[in-house]
Amino acid sequence: GDSVTQMEGPVTLSEEAFLTINCTYTATGYPSLFWYVQYPGEGLQLLLKATKADDKGSNKGFEATYRKETTSFHLEKGSVQVSDSAVYFCALSERGTGNQFYFGTGTSLTVIP
Amino acid sequence: GAVVSQHPSRVICKSGTSVKIECRSLDFQATTMFWYRQFPKKSLMLMATSNEGSKATYEQGVEKDKFLINHASLTLSTLTVTSAHPEDSSFYICSAPNLAGATGELFFGEGSRLTVL
């Protein structure tokens, strides 16, 4: 079945450091891939998405490229800020499955000044 | 963009009482909504899929009689935690897919933190 494997946290970085959060997936079809972010005490918000192979999603300085050959969708940001401290979830959804989403376990990021 | 709203955002109740959490899609119709439970420092656990006009589909291990789900209209789903106990304390999040989009993006409510004393 479909699944998402996400890099274990927590991750602690200094401000302006480079961020990578690894995400790999298993899917039977052609999924769309997502990164969601959850700030403390809040629900999840869509950060970025990619719907087909080689697509690059980007938002707020974050990027992730849909790599079908490595079944990966790693999240990157060149220079993190304190305000980026949150939990990040990788997710996939396959068309025709009733929009069921599969989430990774989440990676907690703390950015220190 | 599509907005999903949850209410209440926080609720504290006594053990043995029931609590209702509402999930509304504000600017789109949602025939399907998902209810998740999130434990501290853990991922989201899908509890059930709420279907407008029919019974909810529960995930394995989720008590149907404990967590009552009603999808009364195309914009409202409710989760009722019946006879709540301290172990039911958690963060509950609802979501609804944007079926109009090809990617089927999922929109989340703000979450409801339940504390059972």
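Our structure is the block above this text.
For every chain, the first residue of the written sequence is number 1, and numbering continues from 1 onward in sequence order. Throughout, the order in which chains and ligands are written sets their labels, letters from A for the former and numbers from 1 for the latter. This being a predicted model, a pLDDT of at least 70 is required before a residue's local features are given, and a value of 80 or more before pairs of side-chain atoms are given or counted; all residues contribute to the totals for chains, interfaces and linings. To obtain the side-chain values, all non-hydrogen atoms of the structure were included, while hydrogens and water were left out.

J.: What's the story with the overall build of chain A in this structure? I'm lost.
T.: Looking only at helices and strands, one finds zero helices and twelve strands in chain A. Going from N to C terminus, chain A has its helices and strands arranged as β-β-β-β-β-β-β-β-β-β-β-β. As defined in this context, the radius of gyration uses C-alpha atoms, and a globule is described by 2.2 Å times the residue total to the power 0.38. Compactness check: chain A gives a C-alpha radius of gyration of 14 Å against a globular reference of 13 Å for 113 residues, within 12% of the reference. Structurally, chain A occupies a C-alpha span of about 45 × 30 × 20 Å along its principal axes. Relative accessibility decides the category of a residue: with a 1.4 Å probe and only protein chains considered, values under 20% of the type maximum give buried, values over 50% give exposed, and everything between is partly exposed. Taking all 113 residues of chain A together, 44% fall into the buried category. If you sum the accessible surface of chain A, you get close to 5,300 Å²; carbon and sulfur atoms cover 49% of it. Measuring between centres, the 8 positive side-chain charges of chain A sit 8 Å from its 12 negative side-chain charges. To qualify as a helix, a DSSP run of H or I must reach at least 4 residues; to qualify as a strand, a run of E must reach at least 2; elements of each kind are numbered from the N terminus. Here the accessible surface of atoms and residues is derived via Shrake-Rupley with a 1.4 Å probe, and residues count as covered only by protein chains that are part of the display. His is not counted, nor are the chain ends; Lys and Arg add positive charge and Asp and Glu add negative charge. Every charge is mapped to an atom, namely NZ of Lys, CZ of Arg, CG of Asp or CD of Glu.

J.: Before we go on, may I ask you to explain the state of the cysteines in this structure?
T.: What makes a disulfide is a covalent bond joining the sulfur atoms belonging to two cysteines. Only a pair of cysteine sulfur atoms within 2.5 Å qualifies as a disulfide here. For the coordinates displayed, the defined rule picks out two disulfides over all chains. Disulfide pairing is shown between Cys23(A) and Cys90(A); the S-S distance is 1.9 Å. For the disulfide bridge between Cys23(A) and Cys90(A), the dihedral angle about the S-S bond is near -70°, and by the sign convention the bridge is left-handed. Note that Cys23(A) is positioned in strand β4 (residues 23-26) and Cys90(A) in strand β10 (residues 86-93), a separation of 67 residues in sequence. For Cys23(A), a relative accessible area of 1% gives the class buried. Across the disulfide, Cys23(B) is cross-linked to Cys94(B) (sulfur-sulfur distance 2.0 Å). On the sign convention where negative is left-handed, the bridge of Cys23(B) and Cys94(B), at about 80° about the S-S bond, is right-handed. Remark: Cys94(B) occurs in strand β9 (residues 90-97) and Cys23(B) occurs in strand β3 (residues 19-25); sequence separation between them is 71 residues. Summarising the burial analysis for this pair, Cys23(B) and Cys94(B) share the class buried. Counting only cysteine sulfurs, Cys94(B) is the nearest neighbor of Cys13(B), a cysteine outside any disulfide, at a range of 18 Å.

J.: What is the right way to read the interface of chain A and chain B from this model?
T.: Interfaces are often sized by the amount of accessible area the parts lose when they come together. Contacts were defined at the residue level, with two residues in contact if any of their heavy atoms lie within 4.5 Å. Taken together, the contact pairs 20 residues of chain A with 19 residues of chain B. What counts as buried area is the accessible surface, traced by a 1.4 Å probe, that two parts surrender upon association, with contributions from both included. Between chain A and chain B the total buried area reaches about 1,500 Å² when both faces are included, carbon and sulfur atoms providing 57% of it. For salt bridges, the criterion is a side-chain nitrogen of Lys or Arg within 4 Å of an Asp or Glu carboxyl oxygen. Where chain A packs against chain B, one counts zero salt bridges. The definition of a polar contact used here is a pair of N or O atoms within 3.5 Å, where within protein one atom must be able to donate a hydrogen and the other to accept one, and adjacent residues in sequence count solely through side-chain atom pairs. Inspection of the region where chain A meets chain B yields three residue pairs in polar contact (both at pLDDT 80 or more). Of all the elements in the fold, those that place two or more residues in the side of chain A that touches chain B are β5 (32-38), β6 (44-50) and β11 (101-103) of chain A. Broken down by element, the residue count for the side of chain A that touches chain B peaks at four residues, all from β5(A).

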